[in-house]
Structures are given as C-alpha cells and as structure tokens.
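Geometric and topological summary
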Amino acid sequence: MTTTQPLLDIAGLTLELPGTARPLLAEVTLQVRTGEVLGLVGESGSGKSTTAKAALGMLPAGGRTEGRVTVDGTDVLTLRGEALRAHRARTVAMIHQDPRAALNPVRRIGDFLTERLAHAGVTDRRAARARAVELLGAVGLPDPARHVRQRPHELSGGMLQRVVIAGALAAEPRLLLADEATSALDVTTQAEILDLLRTLRAERETGMLFITHDLHLAAAYCDRVLVMYAGRIVEQQPAPALFAHPRHPYTRGLLGCSPTLGGTAADLRPVPGRPPSLAESFPGCPFAARCPEAEPECETWAPVVSPLEPEGGPVPNGPPVPAGEAACRRLPLAASVAPATHGATGASGASTASGASEASAASGAEAAR
Ligand code: SF4
C-alpha cells in the first residue's frame, strides 16, 4: 500500500567533485513514498549508488553539493555527529550486493546482529540476543538459534543475504536502499529474497529504493522506475508503462540490449559507444554522442526533465494517463506544460521539450524587460 507522503524526497541534487569535468549528480529529483518501491536503473557510473547514499548523508568528502535530501521530514545533508549516526542507524538501511563484504568473517552472525541492535538502542545483551534470533526467523532462516552461533563461512550466499537483511531490519528503518541486493545470487535464491523483501515491505510499509542493472527485474518488482544517465534522471514512468512504452532513446537502448527469454543473440542491439567518464563534459544533451536520434541542436540543448504527452496522444474526455517524464528535446510534452502560443513543434507536430525551454527562456526575457 502506498500513501502520497514522500518518505525520501530528493530535490535538485547536484554534486560536483574537484578535478572532474562534469557533476557526479546533476539536478537529481525523485521521491519514494511509504510502501513504494522505486527502481533506479542505468549503466555503471550513472550515479545510482551515489543517489542512494545521499539518503544516508554519505556523499564524497570535498564535493560541492546543491539541492535537498529529506528522509521522513529530516533534512539529511544538514545532519552532523550523533544526529547523523542516529539517522544511519535507525531511519535508513542499505543492503549491498555482496553480503560477505558486509560481514566480518571471524565474528559470529549473532555478534553482527547484536551490534546493529546496539546502534538502534537495544543495549541489554540478553534482549539483543533474543531479538537477533527473532530477526533471523523473520527473514526465513530455519533454526535461527543455531545460526546466531555460526560464522559467515558456514552459510551460503543466499543465507548470508538474509542475515544482512535481518541486520538492515534491526532498527525497523522507514527506508531500505537495496543496491544490486540480489545481483550476486542464483535465480532461485534471488526470487526468494525478492519475495522476502516484498513481504517485509507489505508488513512494515517500508519504502524502498531498488537499484539494479536488470531492467526486466525492475519491471517485475518496482512500482515506478527512474532511468539515470551521466548523473542525470533521463526518464521516469510507472514500471509497466516504462517497459511497454519507453520514451527516452537511452531507455529504448537499454531495453534493446537486455536479454529476454526466448530471444537470441541477434536480437540484442548494444547501445553504441560507452558510458561517459567524469572527465567528459557536455555542452548539450549528455546522450548525444550515442543517440541514434540525435540532431545538431541536441549538442547545445540543456537537458530538462519534462512531463510527457501520453504515448498515442491525450485521451479525449478520458481519465488522466500517467505518462511520466523524460529529458529529450524531441519528445512531445504534456498539454499542461506545452507552450500554447510558442510554435516550436516536433516531428509529430506536438510541442516538444525544446519548444518549452525556448518558451520559458522567452517569457523570462519578457519578464526581465
Ligand atoms: S535530446 Fe537529442 S541526443 Fe538527447 S536523447 Fe533526445 S534526441 Fe537524443
């Protein structure tokens, strides 16, 4: 069940690091509501993990940050000292790809959990031990009283990921950040872990930011999906709509190179080129060098995420269609944002993002006179 209250609210987050030619994150805006799973997809280096870490206040030191990150009403980027430690221990928890990296190989599973519980305020050793057994049972490990006495090498990868999830749940966080949390698991274990996370979400109404390279997994698991490229959000839609009607050329490229059941190698069409490094900057659309639909104007068009016209055009007298948003100057904008009197038109004759940008600039110039 979801509510309209944003649990995670990131607004215009930009992060610049010294010695880089472009921001690591550029004007990232997203919301995760209570009980919602928001998918974050994109190639390596697109800024997915950095965006998630912003919710923990774990941005790289020495960077220049603009924008706001709010979790459950708390302005995370202003937290310091004990307040920041309490936020990381109690409000938000992160689950990483490799559970073995999260666990000390020479310490017992019970020690890992009781430490987490101590950070969350459970300091009585006996109570923490009992709670650790409870948590292992809650994530579906059989014989949890035995597992608290074991060390990581005695458990399989799937069992260890359950242990890490139990640790993440120790403080009953409002928000879970799952960073490729199932990527290292075999498909059967992956399905079990996803089912577990789904159950926990339903029981606790936890919001989740779900980072994955696997677009088909995102389609099946998430409520909404955001696509990132070069530190920017380039598209967001409800999950079924994104995969049925991907709008941004990069999203279509990602789907074109994702294997499907029954497909052949010949069906795969790689996105040309490679993801940009932080040493590369862009005067216009960052995807222009790889985009099969690029025009000369794209080289200087400053990307802006805009609400889109629904695929196939607006439905006359019908209910509103959730069309999503994208940052591409060639896509037709929703009627509510398309400039009514400024006549930029795309190939379809509809107003486009470039038209909106130009109209906005024109009205700004008019106001300045
Ligand atoms: S703005 Fe141009 S280069 Fe960028 S995604 Fe759209 S068509 Fe491609």
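Just so it is clear, the model here is predicted, and its values are computed rather than measured. (Residues numbered from 1 in each chain as written. Predicted model: local features only at pLDDT ≥ 70, side-chain atom pairs only at ≥ 80, totals over all residues.)

**Some details on the overall build of the chain**
- When helices and strands are counted, the chain shows 12 helices and 12 strands.
- Expressed as a percentage of its 369 residues, the buried residues of the chain come to 40%. (Helix = DSSP H or I, 4+ residues; strand = E, 2+ residues; numbered from the N terminus. Buried ≥ 20, exposed ≤ 12 C-beta atoms within 10 Å, placed from the backbone.)

**What about the confidence of the model for the chain?**
- Of the residues in the chain, 85% reach a pLDDT of 70 or more, and the chain-wide mean stands at 86.
- Low pLDDT (under 50) marks residues 359-369, which in the prediction has 3 contacts with non-local residues, meaning those over four places away or in another chain. (pLDDT = per-residue confidence, 0-100. Contact = placed C-beta atoms within 7 Å.)

**Quick notes on the packing of helix α4 (residues 109-119) against helix α5 (residues 125-138)**
- Where α4 contacts α5, the two axes come as close as 9 Å, and the packing angle between them is 115°. As far as their axial angle goes, α5 and α4 are roughly perpendicular. By crossing handedness, the relation of α4 to α5 is classed as right-handed. Touching Gly110, Leu113, Thr114, Leu117 and Ala118 of α4 are Arg125, Ala128, Arg129, Arg131, Ala132 and Leu135, all from α5.
- Class assignment for the residues of the contact of α4 with α5 results in 6 nonpolar, 2 polar and 3 charged. (Axes fitted to C-alpha atoms, helices over the stretch in contact; angles between N-to-C directions. Parallel < 35°, antiparallel > 145°, perpendicular 65-115°, else oblique. Left-handed = near helix turned anticlockwise from the far one by under 90°. Nonpolar A, V, L, I, M, F, W, Y, C, P; charged D, E, K, R; others polar.)

**A few points about the site of the ligand**
- The full set of residues close to the ligand is Pro249, Cys285, Phe287, Ala288, Cys291, Glu293, Ala294, Cys298, Trp301, Cys328, Arg329 and Arg330.
- For the shell around the ligand, a count of residues per class yields 9 nonpolar, no polar and 3 charged. (Near = placed C-beta within 6 Å.)

**With respect to the nonpolar core**
- Counting 89 residues, the largest nonpolar core has Ala55, Leu113, Leu175, Leu177, Ala178, Leu209 and Phe210 as its most contacted members.
- When residues in this core are grouped by element, the largest group, 8 residues, is from helix α7 (residues 157-169).
- With residues up to four places along the chain from it excluded, the contact list for leucine 175 reads Leu7, Leu8, Val32, Ala55, Val71, Thr91, Val92, Thr206 and Gly207. (Core = buried A, V, L, I, M, F, W, Y, C linked by C-beta atoms within 7 Å.)

**A word on the pairing of strand β6 (residues 92-95)**
- On β6, burial covers both faces: Val92 and Met94 on one face and Ala93 and Ile95 on the other are all buried.
- The sheet contact formed by β6 and strand β7 (residues 175-179) spans 4 bridges and is parallel. When the bridges of β7 are listed, methionine 94 appears paired with leucine 177. (Pairing = 2+ DSSP bridges.)

**What about helix α11 (residues 249-256)?**
- Listed as buried for α11 are Pro249, Tyr250, Thr251, Gly253 and Leu254.
- Contacts made by the buried residues of α11 are with β3 (37-41), α9 (215-221), β9 (224-229), β10 (232-238) and α10 (239-244).

**Some points on the sheet that holds strand β4 (residues 64-71)**
- On the basis of which strands lie adjacent, the open sheet formed by 4 strands has the order β2-β1-β4-β5 and antiparallel pairing. Looking along the sheet, the strands with just one partner apiece sit at the ends: β2 (25-33) and β5 (74-75).
- As judged from the 2 bridges shared by β4 and β5, these two strands associate in the antiparallel manner. Considered in β5, the bridge of valine 71 is made with threonine 74.

**Some words on the pairing of strand β8 (residues 207-211)**
- Most of β8 sits out of view: 5 of its 5 residues are buried.
- Here β8 shows no split at all, with Gly207, Leu209 and Ile211 on one side and Met208 and Phe210 on the other all buried.
- Sheet topology places β3 next to β8; 4 bridges connect them, and they run parallel. Within β8, the position partnered with leucine 38 by the bridge is leucine 209.
- Where β7 and β8 come together, 5 bridges link them in parallel fashion. Bridge pairing in β8 places aspartate 179 opposite isoleucine 211.
- Regarding the hand of the β-α-β motif, the stretch spanning β7, helix α8 (residues 187-204) and β8 is right-handed. (Right-handed = clockwise from strand over helix to strand, strands pointing away.)

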